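Listed here are the chains, written in short residue letters.
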Amino acid sequence: MTKLKILHTADFHLGVGVRGAGFNSLVIQKRDRDFIEQLWRIRKLAVENECDFLIIAGDVFHSLRPSGLLLNEFSRFIASLAEKDIYTIVVAGNHDQPRTTRTEAYIKALHEARAPNFYYIKKPCKLVLKGSRSGRKVGFICLPYLPPTAGERAAYVNAIDATLSRLVSSIGECDYIVTVAHFYVEGAKIGPSESYGPYIPLYDIAIPKHVFINNRVSYTALGHIHYHQEVSSSVIYSGSIERINFGEEDEEKGCLLYTSDAADELDG
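(A) A look at the pairing of strand β3 (residues 87-91). Burial analysis of β3 places five of its five residues in the buried class, which makes it a mostly covered element. Residues Tyr87, Ile89 and Val91 line one face of β3 and the alternating positions Thr88 and Val90 line the opposite face, and both faces are buried. Bridge count for strand β2 (residues 53-56) against β3 is four bridges, and the pairing is parallel. Opposite Ile56, over in β3, you have Val90 as the bridge partner. This β-α-β element, β2 to helix α2 (residues 68-83) to β3, shows right-handed connectivity. In this sheet, strand β4 (residues 118-121) lies alongside β3 in parallel orientation, the contact comprising four bridges. Looking at β4, one finds that Thr88 is bridged to Phe118.

(B) Main features of the side chain of Thr88. As for its placement among the helices and strands, Thr88 is situated in strand β3. Judged by relative accessible area, Thr88 falls into the buried class, the value being 0%. What Thr88 contacts, discounting residues up to four positions off in sequence, is Leu54, Ile56, Ile78, Leu81, Asn117, Phe118 and Tyr119.

(C) A look at helix α4 (residues 153-170). Under the 1.5 Å per step criterion, the end-to-end length of α4 is 26 Å for 18 residues, consistent within 8% with the ideal 26 Å. Along α4, the positions that sit buried rather than exposed are Tyr156, Val157, Ile160, Thr163, Leu164, Leu167 and Val168. For α4, the arc enclosing every buried residue in end-on projection is 130°, short of the 170-degree limit, so these residues lie on one face. Facing away from the buried side of α4 by more than 90 degrees, the exposed set consists of Ala154 and Ser169. Its buried side turned inward, α4 meets β5 (125-130), β6 (137-143) and β7 (176-182). The positive-phi residue at the C-terminal boundary of α4 is Gly172, with phi of around 85°.

(D) Focus on the side chain of Asp52. Considering the arrangement of structural elements, one finds Asp52 in the loop between α1 (26-48) and β2. Despite its burial, Asp52 pairs with no opposite charge; the closest candidate is Arg133, at 5.0 Å N-O. A distance of 2.7 Å separates the side chain of Asp52 from the side chain of Ser134, its partner in a polar contact. Contacts of Asp52, omitting those with residues within four sequence positions, involve Lys3, Leu4, Lys5, Asp85, Ile86, Tyr87, Gly131, Ser132, Arg133 and Ser134.

(E) Structural detail: the sheet that holds strand β9 (residues 229-232). Spatially, six strands are ordered β5-β6-β7-β8-β10-β9 in an open sheet, and the strand pairing comes out mixed. The sheet terminates laterally at β5 and β9, the two strands that pair on one side only. Going across the sheet, the axis of each strand differs from the next one's by a mean of 25°, ignoring polarity. Each of β5, β6 and β7 is contacted by α4, which is oriented at about 160° to β6, the strand it contacts most.

(F) Representation of the nonpolar core. Counting residues in hydrophobic clusters, the biggest one holds 33 residues, and the most contacted among them are Phe12, Phe74, Phe77 and Ile107. Secondary-structure elements contributing two or more residues to this core are α1, β2, α2, α3 (107-112), β4 and β11 (254-259). Among the elements that make up this core, the one with the highest residue count is α1 (six residues). Discounting chain neighbours no more than four positions away, the residues touching Phe74 are Phe12, Leu14, Leu39, Ile56, Val60, Phe61, Ile107, Leu110 and Phe118. The next biggest cluster of nonpolar side chains, apart from the first, holds 26 residues, and it includes Ile141, Ile177, Val217 and Val231.

(G) Structural context of the pairing of β5. Bridging between β5 and β6 involves six bridges; their strand directions are antiparallel. Bridge pairing links Leu129 to Val138 in β6. As consecutive antiparallel partners, β5 and β6 are separated by six residues, and within that stretch Gly135 has a phi angle of approximately 75°, a positive value.

Calculation rules
- Residues numbered from 1 in each chain as written.
- Predicted model: local features only at pLDDT ≥ 70, side-chain atom pairs only at ≥ 80, totals over all residues.
- Heavy atoms only, no water.
- Buried < 20%, exposed > 50% of the residue type's maximum accessible area, 1.4 Å probe, protein only.
- Helix = DSSP H or I, 4+ residues; strand = E, 2+ residues; numbered from the N terminus.
- Pairing = 2+ DSSP bridges.
- Right-handed = clockwise from strand over helix to strand, strands pointing away.
- Contact = heavy atoms within 4.5 Å.
- Expected span 1.5 Å × (residues − 1).
- Arc of directions from axis to C-beta.
- Lys, Arg positive; Asp, Glu negative; His and termini not counted.
- Salt bridge = Lys/Arg side-chain N within 4 Å of Asp/Glu carboxyl O.
- Polar contact = N/O pair within 3.5 Å; in protein donor to acceptor, adjacent residues only side chain to side chain.
- Axes fitted to C-alpha atoms, helices over the stretch in contact; angles between N-to-C directions.
- Core = buried A, V, L, I, M, F, W, Y, C linked by side-chain atoms within 4.5 Å.

See below:
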C-alpha cells in the first residue's frame, strides 16, 4: 500500500462580494474568476499528489444561494475529482447553516443528488472510507459548525467535547482517524497581527484546544479562521484559499497536504 494522502482546505467563500461593487460589475466578475482559478489549482494539486481525499472544512460558498455560475463551477470541480477516484468531504460552516426552517443551502442538493464520491455533512457524524490509492481505511469524525447560545459557554464546550469523544470511541478499527471541524479554537490567531480585523462572528465561543487532542486521532483539519496556523502539531487551520477581505491582503494562501508522515503546506 502507498501512503495515505489528504488535501486539506477550507473557507472558499465563493461569491463573496466587494463593498460598493454591483452584483454583476466587472469587479465582481473578476473576483469570481480569481476564486474559480483557485478551485482548479486545488484540483490540480490533489491529482498531481495522488490524493485519496479532499477535505473542505466549511464555508464553500459565502451565502446559502450562490450564483448559478459558481454552483456550476463547484459541481464541475467535484465531478472532476470523482473521475480521478478522489473523495470530497465537506462539513458545513457557519455560512452554510440556514437561519430559518424555510431555507436550505444549495450545496446540499449535490449531496441529495448523490454526486459520486461527494459527502456534505450537516450534522455531527462519523464516516469510514477506503482510499482508492493508498488502500487505507480512514475514519472521519465530522463536526459542522454549531451556533453558540449566548451565555452558555460551558454547555456549548461540553456538548462539542462529548460529541467528539462519542464519535471517536464508536468508530471502530481504522488505519487513521481524521477530525474535520469548523470552529474557533482557543489560542488560534485571527490574523498575522493584533491589528487585524477579525472575520469571525464576535459571539463565537473559543473551544479549548484539548477538546480536539485525542490519541486515536491522527489529524484535525480545521476551518473557520482564514489564517493558516498550527494550534498544535496535529490540530491545524489550512486557512482560506483566497483573500476574502482587505485585512487578508498580506497573507499567503494555499492548502495543506497531509500524508501518513506529516502535513505540508502547499501554495494554492
